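# Structural overview
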Amino acid sequence: MGLVPIFCFSCRGVNRVDKRELCELLEPPLRSLGYELVDLEVTYGRRGLLRLYIDKEGGVTLGDCELVGAQIGAFLDVEDPLPGSYVLEVSSPGFDRKL
């Protein structure tokens, strides 16, 4: 068998969005829907993840998470701020959140 080329790619740090920038991008559309962005988590890599923690007066329901997921998912498809593919999760902050 002949020589086989070896390829090594590293995407570490390439086109990563700052958490603050992502918050600034997402807060206006969330506010227009009546929600507050409490926090977010971003994980890059092969299995990227964007997790949003939202809140509103009276609390967040499963229906709220579905609505925000659909609306913000469409918004992110247009804005395309994150490199590669990722999963969008929307959640309430829970009882143990920092006040």
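Here the structure is shown first, and the text comes after it.
Residues numbered from 1 in each chain as written. Predicted model: local features only at pLDDT ≥ 70, side-chain atom pairs only at ≥ 80, totals over all residues. Heavy atoms only, no water.

A separate point is the overall build of the chain. Looking only at helices and strands, the chain has 2 helices and 3 strands in total. Ordered by position in the sequence, the α and β elements of the chain form the string α-β-β-α-β. The buried share among the 99 residues of the chain stands at 26%. The contacts of the chain with a sequence gap of at least 6 include a subset with a gap of at least 24, amounting to 56%. Element-wise, carbon and sulfur atoms account for 53% of the exposed surface of the chain, whose accessible area totals about 7,400 Å². (Helix = DSSP H or I, 4+ residues; strand = E, 2+ residues; numbered from the N terminus. Buried < 20%, exposed > 50% of the residue type's maximum accessible area, 1.4 Å probe, protein only. Contact = heavy atoms within 4.5 Å. Areas by Shrake-Rupley, 256 points an atom, 1.4 Å probe, with all protein chains shown as cover.)

Before going further, it helps to spend a moment on unusual backbone geometry. Although it is not a glycine, Asp80 sits at a positive phi angle of roughly 50°. Relative to the assigned elements, Asp80 resides in the loop between α2 (62-79) and β3 (86-91). You can call Asp80 exposed: its relative accessible area is 53%.

With that settled, the discussion passes to the side chain of Asp64. Examined against the element boundaries, Asp64 turns out to sit in helix α2. The exposure class of Asp64 is buried, given its relative accessible area of 8%. At 3.2 Å, the side chain of Asp64 and the side chain of Lys56 are in polar contact. With near-sequence residues (within four places) excluded, Asp64 lies in contact with Tyr35, Ile54, Lys56 and Gly59. (Polar contact = N/O pair within 3.5 Å; in protein donor to acceptor, adjacent residues only side chain to side chain.)

Glancing now at the sheet that holds strand β1 (residues 36-43). Reading across from one edge, β1-β2-β3 is the order of the 3 strands in this open sheet, with mixed pairing throughout. Taken across any chain shown, the strands that pair with only one partner, and hence form the sheet edges, are β1 and β3. When the angles between neighbouring strand axes are averaged without regard to direction, this sheet yields 15°. Here β1 runs beside strand β2 (residues 48-55); their pairing, made up of 7 bridges, is antiparallel. Within β2, the position partnered with Glu36 by the bridge is Asp55. Here helix α1 (residues 19-33) sits on the sheet in contact with β1 and β2, set at roughly 140° to β1. (Pairing = 2+ DSSP bridges. Axes fitted to C-alpha atoms, helices over the stretch in contact; angles between N-to-C directions.)

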